[in-house]
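As a plain string of letters, each chain reads:
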Amino acid sequence: MKNLLLYLCKNIFIVVLLFLVGFIALILPAGSESVTVSATQIGTQAGQEEMEKEVRKKKNKTIAVTISAAGDCTLGVDSRYYNNFNSYYRREGAGYFLKKVRKIFGKDDITLVNFEGTLTNSTHRANKTYTFKGPAEYTKILKKGSVEVVNLANNHSMDFGTSAFEDTKRALRKDGIGYCHYGTIAYKKVKGVKAAFLGFNQLSGVSHRQIKDTIKKAKKKKAKIIIVSFHWGIERDYYPDGIQKNLGKYAIDQGADLVIGHHPHVLQGIEKYKGRYIVYSLGNFCFGGNVNPSDKDTMIFQQTFYLKNGKLLKKKEVRVIPCSLSSVSHTNNYQPVPLSGGEKDRLIKKMNRLSKGMHITIKSGGKVK
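Conventions used here
- Residues numbered from 1 in each chain as written.
- Predicted model: local features only at pLDDT ≥ 70, side-chain atom pairs only at ≥ 80, totals over all residues.
- Heavy atoms only, no water.
- Helix = DSSP H or I, 4+ residues; strand = E, 2+ residues; numbered from the N terminus.
- Buried < 20%, exposed > 50% of the residue type's maximum accessible area, 1.4 Å probe, protein only.
- Areas by Shrake-Rupley, 256 points an atom, 1.4 Å probe, with all protein chains shown as cover.
- Expected span 1.5 Å × (residues − 1).
- Arc of directions from axis to C-beta.
- Contact = heavy atoms within 4.5 Å.
- Pairing = 2+ DSSP bridges.
- Axes fitted to C-alpha atoms, helices over the stretch in contact; angles between N-to-C directions.
- Salt bridge = Lys/Arg side-chain N within 4 Å of Asp/Glu carboxyl O.

This part covers the overall build of the protein. Along the backbone of the protein there are eight helices and 16 strands. A burial count over the protein gives 47% of its 369 residues as buried. About 18,600 Å² of surface is accessible on the protein, with carbon and sulfur atoms providing 55% of the total.

Given 3.6 residues to a turn, an α-helix orients residues that are three or four positions apart in the same direction. With 14 residues, helix α5 (residues 161–174) extends 20 Å between its outermost C-alpha atoms, agreeing within 8% with the 20 Å of an ideal straight helix rising 1.5 Å per residue. For α5, every residue scored as buried is listed here: A164, F165, T168, K169, A171 and L172. An end-on view of α5 places all buried positions within 160 degrees of arc, on one side of the element. Facing away from the buried side of α5 by more than 90 degrees, the exposed set consists of T162 and K174. Contact partners of the buried residues in α5: β2 (110–115), β3 (118–119), α4 (139–144), β5 (149–151) and β6 (178–180). Directly after α5, the chain includes G176, whose backbone phi takes a positive value near 70 degrees.

Strand order in this open sheet of six strands is β7-β8-β9-β10-β12-β11, and the pairing throughout is mixed. Every other strand in the sheet has two partners, leaving β7 (186–190) and β11 (270–273) as the edge strands with one partner each. Taking each pair of neighbouring strands and ignoring which way they run, the sheet shows an average axis angle of 20 degrees. Packed onto the sheet, helix α7 (residues 242–253) meets β9 (225–231), β10 (258–262), β11 and β12 (276–279) and runs at close to 150 degrees relative to β12.

Attention shifts here to the environment of L313. Structurally, L313 is set in strand β15 (residues 311–324). With relative accessibility at 31%, the residue L313 sits in the partly exposed group. Separated by 250 residues in the primary sequence, L313 and I63 have C-alpha atoms spaced 9.8 Å apart. Excluding residues that lie within four positions of it along the chain, L313 makes contacts with T62, Y306, L307 and K308.

Attention now moves to the pattern of salt bridges. This model, assessed by the stated rule, comprises 16 salt bridges. Its salt-bridge partner being K128, residue D159 comes within 2.7 Å of it at the nearest N-O pair. In this pair, D159 sits in the loop between β5 and α5 while K128 sits in the loop between β3 and β4 (133–134), placing the two residues 31 residues apart along the sequence. A relative accessible area of 0% places D159 in the buried class. For K128, a relative accessible area of 27% gives the class partly exposed. One salt bridge connects K350 with D295, and the closest N-O pair in it is separated by 3.2 Å. Of this pair, K350 sits in helix α8 (residues 341–354) while D295 is found in the loop between β13 (284–287) and β14 (297–308), placing the two residues 55 residues apart along the sequence. Across the pair, exposure class does not vary: K350 and D295 are buried alike. Through salt bridges with shared partners, one network takes in D295, D297, E343, R346 and K350.

Remember that the coordinates give geometry; whether it matters functionally is a separate question.
The following block contains the structure:
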């Protein structure tokens, strides 16, 4: 009887054990999957939180965008008078012309110049005293010099007619150089910040309405920094006239963050207006239009804009970099160079004199206050 009871207990135990094993086998996968899903969910949630944290950090981070501006660049000649610039190009190559300022332009985020002339093979010369042109390959001078944007709204962009103007734009596009001209706005995006460059030629006419509408257009395209170039003023006059002052201030009233001027071929003062700057004239820079200008003073105007949460801050850093349009004093070798020592000090004093009453002071190192 005892043996029978033992046999029965043993078999019952085996049956119970098998039942438990089967039951566990049934419930474990569901339980394991549930645990796995929970872990995945927790991991995903943690990852999302980390990503959101990084996005918040980026939004709260202050972004600095540095823009340099220089004056008239005529890359070519009027062959009726001379061919010097072209001779330098054949002898020295494209990298020669902006070699001595390339380090400055290369360190900023965007460099803007006034491109005064055409890039064309056209022979349909306008009936005027000076007409400038160079071949399309001269865009390499800008490219190698780290110039990203040019203003075409000036009195020499049509020197060889509409077709030559189209040739110029085509050559610039091919080398990835932006250009502005009235309703054509150049947009450049750096560090996630969109900057808009606008250009107007006051000599051929520009209205308040055109300025207002074009700035409004840039704002609609969500430009965070708006730079307006004006071709204006009187040649070889060191002080801005009433028209320059009116247009410059109006542009700022409409939302421009910086106004850059050119045409006088000499430097004019800098004015601070409502916390923003109007640079009335940057003078000549890499200027193939004159073999030996009597006034070789020029400069690079440089401003660092700060943005946070997609908004422009009041904080800014502004400096002028005194230069000569030639790296030799006895002639124009078409190679602008930063000044140093006594010559640098002289030009800063000159700019302070030209800016008298314009609410700015340029310190000895070039910093603008």
